[in-house]
Amino acid sequence: MIEITNLDKYYGSHHVLKDINLTIGQGEVVVIIGPSGSGKSTLLRCMNYLEPIQSGQISIENQPIGMIEQNGKHKEMPENQLNKMREKVGMVFQNFNLFPHLSVRENITLSPLTLGKMNKKTANETASTLLAKVGLSDRADAYPDQLSGGQKQRVAIARALAMKPHVMLFDEPTSALDPELIGEVLDAMKELAREGMTMVVVTHEMGFAKDMADRVVVMDQGQIIEVDKPDVIFQNPSQERTKTFLHKVLTHT
Ligand SMILES: Nc1ncnc2c1ncn2[C@@H]1O[C@H](COP(=O)(O)OP(=O)(O)OP(=O)(O)O)[C@@H](O)[C@H]1O
Ligand SMILES: [Mg+2]
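Residues numbered from 1 in each chain as written. Chains lettered and ligands numbered in written order. Predicted model: local features only at pLDDT ≥ 70, side-chain atom pairs only at ≥ 80, totals over all residues. Heavy atoms only, no water.

### Notes on the pattern of salt bridges
The condition that has to hold: The salt bridge definition used is simple: a Lys or Arg side-chain nitrogen within 4 Å of an Asp or Glu carboxyl oxygen. Starting at the N terminus, helices and strands are each numbered in turn, a helix being any DSSP run of H or I of at least four residues and a strand any DSSP run of E of at least two. A simple rule labels every residue: compare its accessible area, found with a 1.4 Å probe on the protein chains alone, to the largest value its type can have, and call it buried under 20%, exposed over 50%, or partly exposed in between.
Tallied over the full model, the rule gives 13 salt bridges. For Arg215, the salt bridge is made with Glu28, and the minimal N-O distance between the two is 2.6 Å. Of this pair, Arg215 sits in strand E11 (residues 215-220) while Glu28 is found in the loop between strand E2 (14-24) and strand E3 (29-33), placing the two residues 187 residues apart along the sequence. Look at Arg215 and you get partly exposed, because its relative accessible area is 22%.

This is the structure we're talking about:
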């Protein structure tokens, strides 16, 4: 589904992603963990080329995204082609990023309508189905500031799903939430995983990683230091840095 090879990314002279190699299979749930500043968000943003990269390649469903080769030369992909590829990738952020002046329903139907993916009737039906799925059928006409954080994040998930993505990326989707609201968002994500959605999730929710991840990716200082099944990562990690990180996280929750 996503293939990343020899990816290097710099901000100025700061080398933030170092020779990243990672393949994410169809239907896989991959959780990325690691200390603050280790490059988790940057890696996620590179996956749909929201960030330019300096070397390496990223492919989505076997199609390179971002840079293309033409007559032996590498060049940036035209914006329309890039946007077309990004439609396959849904993204959910820590801070919801809903449009405050649009109702819940309008937030969900906006992209499919503007991009001509659906007519109004289909877009509305899709919104209703997705709202039912995230348990918010009764809030279609509410505005974001009338919703709790957990409800806003579930709307953000429904909005991303409205574009019928092939893969969903989550960047700390529960970090901005009060503890009692975290469960409802994780439940919506678990449901999605059970339906077979390919998911890449940056999170500090180790319970989610243990229960739902097919593989856990551990990052530190711009590198992937370890990738394995959750029981290995949590019970018998090979890297000392993984142990140190997990010890810190698990003693603070
Ligand atoms: N737009 C930017 N310009 C310059 N440096 C940046 C930018 N975004 C991130 N960085 C730097 O890149 C490194 C990786 O940041 P990133 O946000 O990917 O880390 P992270 O693992 O997601 O951290 P956190 O857990 O705090 O969200 C950090 O050193 C950060 O300061
Ligand atoms: Mg981050």
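### Topic: the sheet that holds E11
Backbone hydrogen bonds hold the strands of a sheet together, and the pairing may be parallel or antiparallel. Counted only if it meets this: Two strands pair if DSSP finds at least two bridges between them. Lines are fitted to the C-alpha atoms to define the axes, a helix being fitted only along its stretch in contact, and any angle between axes, read from their N-to-C directions, falls within 0 to 180 degrees. Contact between two residues is taken to exist if any of their heavy atoms lie within 4.5 Å; hydrogens are not considered.
Here we have 6 strands laid out as an open sheet, ordered E8-E9-E10-E3-E11-E12, and mixed in their pairing. Of all strands in the sheet, those with a lone pairing partner are strand E8 (89-92) and strand E12 (223-228), marking the two edges. Geometrically, the sheet is characterised by an average inter-axis angle of 20 degrees between neighbouring strands, direction not taken into account. Taken together, the 4 bridges between E3 and strand E10 (residues 198-202) define a ladder with parallel strand orientation. Opposite Val30, over in E10, you have Val200 as the bridge partner. Each of E3, E11 and E12 touches helix H9 (residues 240-251); the most contacted strand, E12, lies at about 85 degrees to it.

### Thoughts on empty space enclosed by the protein
What counts here: The rule is simple: put a 1 Å grid over the protein atoms alone, call a set of points where a 1.4 Å probe fits but cannot get out a cavity, call an open set with protein on both sides within 12 Å along at least five of seven lines a pocket, and count a residue as lining if it has an atom within 4 Å of a point. Grid points are joined across faces, edges and corners, and a volume is the space filled by probe spheres set on the points. Ten residues, namely Ala, Val, Leu, Ile, Met, Phe, Trp, Tyr, Cys and Pro, are considered nonpolar, four, namely Asp, Glu, Lys and Arg, are considered charged, and the remaining ones, Gly among them, are considered polar.
Counted by the stated rule, this structure contains 1 cavity of 30 Å³ or more. The volume enclosed by the largest cavity comes to roughly 30 Å³. Around the largest cavity, the lining residues are Lys133, Val134, Leu161, Ala188, Glu191 and Leu192. Among the elements that line the lining of the largest cavity, the one with the most residues is helix H6 (residues 179-194), at 3 residues. Taken together, the residues of the lining of the largest cavity break down into 4 nonpolar, no polar and 2 charged.

### Some thoughts on the site of ligand 1
Heads up, the rule is: Being near a molecule or strand, for a residue, means having at least one of its heavy atoms within 4 Å of it. Any pair of nitrogen or oxygen atoms within 3.5 Å is treated as a polar contact; in protein, a donor-acceptor pairing is required on top of that, and neighbouring residues in sequence qualify only through side-chain atoms on both sides. Only the protein chains shown count as covering a residue, and every accessible area follows the Shrake-Rupley method with a 1.4 Å probe.
Surveying the vicinity of ligand 1 reveals the residues Tyr11, His14, Val16, Pro35, Ser36, Gly37, Ser38, Gly39, Lys40, Ser41, Thr42 and Glu172. Between Gly37 and ligand 1, the recorded distance is 2.8 Å, taken from a backbone N or O atom to an oxygen atom. In this structure, an oxygen atom belonging to ligand 1 sits 2.5 Å away from a side-chain N or O atom of Thr42. Look at ligand 1: alone it shows 640 Å² of surface, and the protein chains cover 59% of it. Residue assignment for the shell around ligand 1 shows that the elements contributing at least two residues are E2 and helix H1 (40-47).

### Focus: the layout of surface pockets
By rolling a water-sized probe across the atoms, one finds the places where empty space is left. There is about 610 Å³ of room inside the largest pocket. Taken together, 20 residues line the largest pocket, and the ones lying closest to its centre are Arg86, Val89, Met91, Ser111 and Met163. Volume-wise, the second largest pocket comes out at about 190 Å³. What lines the second largest pocket is a set of 14 residues, and nearest its centre among them are Gly34, Pro35, Ser36, Phe245 and Lys248. Looking at the lining of the second largest pocket, the elements that each hand over two or more residues are E11 and H9. In terms of residue class, the lining of the second largest pocket is built from 5 nonpolar, 4 polar and 5 charged.

### Quick word on unusual backbone geometry
With the exception of glycine, the majority of residues adopt a negative phi angle, and the majority of peptide bonds are in the trans configuration. Backbone geometry at Phe96 places phi at a positive 65 degrees, although glycine is not the residue there. The residue Phe96 is located in the loop between E8 and helix H3 (104-114) in this model. In this structure Phe96 comes out as buried when scored by relative accessible area, which is 13%. The phi dihedral of Asn97 is positive, around 55 degrees, even though this residue is not glycine.

### Remarks on helix H5 (residues 149-161)
Let me state the cut-off plainly: Here a helix's expected span is defined as the number of its residues, less one, multiplied by 1.5 Å.
For H5, spanning 13 residues, the distance from its first C-alpha to its last is 18 Å, which sits close to the expected 18 Å at 1.5 Å a residue. Of all 13 residues in H5, 12 are buried, a share of seventy percent or more. Those residues of H5 that fall on the buried side of the exposure criterion are Gly149, Gly150, Gln151, Gln153, Arg154, Val155, Ala156, Ile157, Ala158, Arg159, Ala160 and Leu161. Here the buried face of H5 lies against E8, H3, helix H4 (120-133), strand E9 (167-171) and H6.

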